[in-house]
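Chain residues, written in single-letter form:
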Amino acid sequence: MNFFVLLFLIIGLVFFTGGAVGIIRMPDFYSRLHPAGKLDTLGILAMVLGFALFNLKTFSISELLLSIKMLLIVFFVFLSSPTATHSIVDAGIRAGLRHWTKEDKR
Amino acid sequence: MTISEKKEFKNKSSGKPFKSILSFSLTFILMFGLWVILSGNFEPLLIFLGLFSSFLCAFFFKDLLFSDPDSDFLLIMFRFFKYIPWLIFEIIKANFHLLYLVFHPRMKDMIDPHVVVIKTGLKKEMSIVTMANSITLTPGTITINADREGVFKVHSIDKESAEALPGTMLKKTARIFGEDK
Amino acid sequence: MNTFFLYTSLYLCFLMLFSLYRAMFGPTVLDRLIGVNAIGSKTVILLLLIGFIYERVDMFIDIALAYAFLNFITVVAASRYFHKRKGLYEESTLK
């Protein structure tokens, strides 16, 4: 049981690391949204799955409800993260930002 | 939404009592389930308060969430829940590709951001929203704009993820909402 | 397990520094917004971790849920605010 919890947590940390490094390394704002919006979402999914498993060690009704509440967080994040990403992209498009292409590379 | 559209909307949602009752009960069940999960207490007073407040919510806002339930509404829900595991698997597969791109030392040679325009034949609002959110959740592609004719503008980070785009996801989304002919 | 949770939360705090860099020095306003969003999504996990460390998950999970809602509302409201301001980003449009 503990092994799976550790596995999920480490997978989540790897995805979070990818998101943080991607935000630093990517060349422009549109391509920065790719790691920021989505690697973080999958990181939250993996880590919360690990927490829910860890919480279910001694099985009881209240702990089951807690785990369901954690999955509610995942559900909400999966709904809200594309919406937030889309609203940021929309603001960028309306402000007239050009996107980075290969010719911009020196 | 213009005024005439609003009137039409009102007529549609209050015209048939059966549909109104169906949307009321669906909202009520959803609200009460949420109350039970969030409170976590099973004392009689709290259960009674939850029943009362979710009754009030469902009574006033019944035409917001499930505005126009079709006859095959439950079938659509069932097919939607069957779609979610495939979507999660696809997200994981594509996330590893993005992870590889991020940690690659010569990343700026590998990425090639460009905007593609996809024409899909989707007409219903729910199917367009589902398609747009699925595209955004699949890494490598972000939906910039989507309109009522079903034309999507997509920003994709390299050639590979742009080519894989309309394909299977469009077919599955169209099948969920019964739009494939 | 408790020490593992402690080190995990320390590592998450370390990762927040990367996003904080983007939030402080980002060339456009929207870059800062991305940084703030990334910090918020890490904070949700951090709150759950704190709940496990102090063994009060039942209390901290409500805070985490509320924080997820708040993060979403912040980002949407801020990006709506910078909606119709053409020319605000003139110096930053990459050449």
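Parameters at a glance
Residues numbered from 1 in each chain as written. Chains lettered and ligands numbered in written order. Predicted model: local features only at pLDDT ≥ 70, side-chain atom pairs only at ≥ 80, totals over all residues. Heavy atoms only, no water. Helix = DSSP H or I, 4+ residues; strand = E, 2+ residues; numbered from the N terminus. Buried < 20%, exposed > 50% of the residue type's maximum accessible area, 1.4 Å probe, protein only. Contact = heavy atoms within 4.5 Å. Areas by Shrake-Rupley, 256 points an atom, 1.4 Å probe, with all protein chains shown as cover. pLDDT = per-residue confidence, 0-100. Buried area = accessible area lost by both parts, 1.4 Å probe. Salt bridge = Lys/Arg side-chain N within 4 Å of Asp/Glu carboxyl O. Polar contact = N/O pair within 3.5 Å; in protein donor to acceptor, adjacent residues only side chain to side chain. Nonpolar A, V, L, I, M, F, W, Y, C, P; charged D, E, K, R; others polar. Pairing = 2+ DSSP bridges. Axes fitted to C-alpha atoms, helices over the stretch in contact; angles between N-to-C directions. Phe/Tyr/Trp six-rings, centres within 6.5 Å; stacked < 30°, edge-to-face > 60°.

Helix and strand counts for chain C come out as three helices and zero strands. In chain C, the succession of α and β elements from N to C terminus is α-α-α. Out of the 95 residues in chain C, the part that is buried amounts to 47%. Sequence-distant contacts in chain C: of pairs separated by 6 or more residues, those separated by 24 or more amount to 60%. Accessible surface for chain C amounts to roughly 5200 Å². Of this, 68% is attributable to carbon and sulfur atoms.

Before going further, it helps to spend a moment on the overall build of chain A. For chain A, the count of helices and strands is three helices and zero strands. For chain A, the α and β elements follow one another from N to C terminus as α-α-α. Put simply, chain A has 106 residues, and 63% of those count as buried. Considering only contacts in chain A between residues 6 or more positions apart, those separated by 24 or more positions represent 66%. With the model as given, the accessible surface of chain A reaches about 4000 Å², and the carbon-plus-sulfur share is 72%.

Turning our eyes to something else, we now look at the confidence of the model for chain C. Here chain C shows a mean pLDDT of 83. Residues at 70 or above account for 86%. Residue range residues 90-95 of chain C is modelled with pLDDT below 50. Its contacts to residues more than four positions away, or to other chains, number 12 contacts.

Each partner contributes to the interface: chain C provides 47 residues, whereas chain A provides 44 residues. Both faces combined, the contact of chain C with chain A buries some 4200 Å², and carbon together with sulfur accounts for 78% of it. For the pair chain C and chain A, the number of links is four salt bridges. Residue Arg32 of chain A is joined to Asp31 of chain C by a salt bridge in which the shortest nitrogen-to-oxygen separation is 2.6 Å. Linking chain C to chain A there are seven residue pairs in polar contact (both at pLDDT 80 or more). When residues of the side of chain C that touches chain A are traced back to their parent elements, those giving at least two are helix H1 (2-25), helix H2 (29-54) and helix H3 (57-81) of chain C. Here the residues of the side of chain C that touches chain A sort into 30 nonpolar, eight polar and nine charged.

This part covers the sheet that holds strand S1 (residues 114-119) of chain B. Residues and elements named next belong to chain B. Here we have three strands laid out as an open sheet, ordered S1-S3-S2, and antiparallel in their pairing. Edge positions in the open sheet fall to S1 and strand S2 (141-146), since each of these has one partner strand only. Strand-to-strand twist across the sheet, computed as the mean angle between neighbouring axes with direction ignored, equals 30°. As paired elements, S2 and strand S3 (residues 151-156) share five bridges and run antiparallel to each other.

Residues and elements named next belong to chain C. Checked against the element boundaries, Val36 lands in helix H2. Here the alpha-carbon distance between Val36 and Ser19, two residues 17 residues apart in the chain, equals 7.3 Å. Residues in contact with Val36, not counting those within four places in the same chain, are Ala23 and Asn71.

When pLDDT is averaged across chain A, the result is 85; 96% of the residues are at 70 or more. Looking across chain A, the model is least confident in helix H3 (residues 61-95) of chain A, with a mean pLDDT of 86, and most confident in helix H1 (residues 2-25) of chain A, with 89.

Note on aromatic pairs: each is described by the distance of the centres and the angle between the planes. The tally for this structure, following the rule as stated, stands at 21 aromatic pairs over all chains. The interplanar angle of 90° and the centroid separation of 5.2 Å between the aromatic rings of Phe54 of chain A and Phe5 of chain C together place this pair among those described as edge-to-face. Taken together, the residues span two chains, with Phe54 of chain A in helix H2 (residues 29-55) and Phe5 of chain C in helix H1. Comparing Phe54 of chain A with Phe5 of chain C, the two get one shared label, buried.

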